[in-house]
Amino acid sequence: MKVAVLDITGKDTGRKVELSKDVFGIEPNDHAIYLDVKQYLANQRQGTHKSKERAEIAGSTRKIKKQKGTGTARAGSIKSGVFRGGGRMFGPRPRDYSFKLNKNLKRLARKSALSIQANDKNVIVVEDFNFETPKTKNFLDVLKALELETKKSLFVLGNENANVYLSSRNLKKSKVIKASELYTYGVLNTNKLIITESSLEDINTNLSK
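Undergrad: Can you break down the nonpolar core residue by residue, with the values?
TA: By size, the foremost hydrophobic cluster in this structure holds 23 residues, and its most contacted members are Phe-24, Leu-114, Val-156, Leu-193, Ile-195 and Ile-203. Once residues lying within four places of it in the same chain are set aside, the contact partners of Ile-195 are Phe-24, Val-123, Ile-124, Val-125, Val-126, Val-156, Leu-200 and Ile-203. Counting 16 residues, the second-largest nonpolar core is a separate cluster that includes Phe-129, Leu-148, Leu-157 and Val-176.

Undergrad: Tell me about the pairing of strand E4 (residues 153-157), and please be specific about residues and values.
TA: In the case of a regular strand, side chains alternate between the two sheet surfaces. The element E4 is extensively covered by neighbouring structure, given that five of its five residues are classed as buried. Neither face of E4 is left uncovered, since the one carrying Ser-153, Phe-155 and Leu-157 and the one carrying Leu-154 and Val-156 both have all their residues buried. Pairing of E4 with strand E6 (residues 192-196) involves four bridges; the strand directions are parallel. Across the sheet, Leu-154 pairs through a bridge with Leu-193, a residue of E6.

Undergrad: Could you give an account of the packing of aromatic side chains, with specific residues and numbers?
TA: Under the definition given, this model contains five aromatic pairs. Aromatic side chains Phe-129 and Phe-131 sit 5.7 Å apart centroid to centroid with 50° between the ring planes, which places their arrangement in the tilted category. Its relative accessible area of 11% is what places Phe-129 among the buried residues. Given the relative accessible area of 9%, Phe-131 is considered buried.

Undergrad: How would you summarise the sheet that holds strand E1 (residues 2-6) if you had to cite specific residues and measurements?
TA: In spatial order, the strands read E2-E1-E3-E6-E4-E5; together these six strands make up an open sheet with mixed pairing. Among the strands making up the open sheet, the edge pair consists of strand E2 (12-18) and strand E5 (174-178). Geometrically, the sheet is characterised by an average inter-axis angle of 30° between neighbouring strands, direction not taken into account. Relative to strand E3 (residues 123-126), E1 runs parallel, the two sharing two bridges. Across the sheet, the residue bridging to Val-5 is Val-125, located in E3. Strands in contact with helix H7 (residues 197-207) are E1, E2, E3, E4 and E6; relative to E6, the strand with the most contacts, it is inclined by about 95°.

Undergrad: Please give an account of the packing of helix H3 (residues 103-119) against H7 that cites residues and values.
TA: Each packed pair of helices is defined by two parameters, the angle between the axes and the distance between the axes. The contact between H3 and H7 brings their axes to 10 Å, and the two run at 140°. Between H3 and H7, the interaxial angle falls into the category oblique. Counting all contacts with H3, which are made through Arg-107, Arg-110, Lys-111 and Leu-114, the residues of H7 involved are Ile-203, Asn-206 and Leu-207. Class assignment of the residues belonging to the contact of H3 with H7 gives a composition of three nonpolar, one polar and three charged.

Undergrad: An account of the pattern of salt bridges is needed here, citing residue identities and associated values.
TA: Applying the stated criterion across every chain, the model contains six salt bridges. Between Lys-106 and Asp-36 there is a salt bridge, with the nearest N and O atoms lying 3.0 Å from each other. Within this pair, whereas Lys-106 is found in helix H3, its partner Asp-36 is found in helix H2 (residues 30-43), the two being separated by 70 residues in sequence. Notably, a salt bridge pairs Glu-56 with Lys-50, separated by 2.9 Å at the nearest N-O pair.

Undergrad: Any details on the environment of Ser-153? Residues and values, ideally.
TA: By the element assignment, Ser-153 lies in strand E4. Taking relative accessible area as the criterion, Ser-153 reaches 3% and is therefore assigned buried. The spacing of Ser-153 and Thr-72 is 81 residues in sequence and 62 Å in space, taken between C-alpha atoms. Excluding residues within four positions of it along the chain, Ser-153 makes contact with Leu-143, Leu-148, Lys-173, Ser-174, Lys-175, Thr-190, Lys-192 and Ile-194.

Quick notes on the rules
- Residues numbered from 1 in each chain as written.
- Predicted model: local features only at pLDDT ≥ 70, side-chain atom pairs only at ≥ 80, totals over all residues.
- Heavy atoms only, no water.
- Core = buried A, V, L, I, M, F, W, Y, C linked by side-chain atoms within 4.5 Å.
- Buried < 20%, exposed > 50% of the residue type's maximum accessible area, 1.4 Å probe, protein only.
- Contact = heavy atoms within 4.5 Å.
- Helix = DSSP H or I, 4+ residues; strand = E, 2+ residues; numbered from the N terminus.
- Pairing = 2+ DSSP bridges.
- Phe/Tyr/Trp six-rings, centres within 6.5 Å; stacked < 30°, edge-to-face > 60°.
- Axes fitted to C-alpha atoms, helices over the stretch in contact; angles between N-to-C directions.
- Parallel < 35°, antiparallel > 145°, perpendicular 65-115°, else oblique.
- Nonpolar A, V, L, I, M, F, W, Y, C, P; charged D, E, K, R; others polar.
- Salt bridge = Lys/Arg side-chain N within 4 Å of Asp/Glu carboxyl O.

The following block contains the structure:
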């Protein structure tokens, strides 16, 4: 699949690049995508939730009524979860939600996500660019030129570029990452995927292993 290379003003440079079939043209594996996205979202969870159980509640420990003859259920503590103000039964405890996935599966998930976006014509290839100083206005000009100011966009750069990254940091709908940081959730959770020429080679190298 060949894609035209644009400059940051949105104009066609007259050049085209080939999107590798092994990376951008495979049959998407939905289950691999599901597992990778599930892992990403699980890793975002802090897992610091906690509720008090009956042993942690402050209150009297005396038996609140006699065992038999009341016509109601027996009860030994006011801190029981069946009473108002008592502890919570089987409440949440701090835990780690993260889990591991096979590297080959994660690579397959990323290639599947890229193939979905490429098939939907949501991949844009642009020339490598840089800003002299970090300035949000410069990045907004690029978004307007590419008609992305109202859409979610993910920019993939070949190398770390502090000026471009800092220029985009205040924009909620745009994100800038390096090719080595490419992740399935980010690729799918965007309207347009903007890839620089230098990052395209890195993506092919990283995912063709």
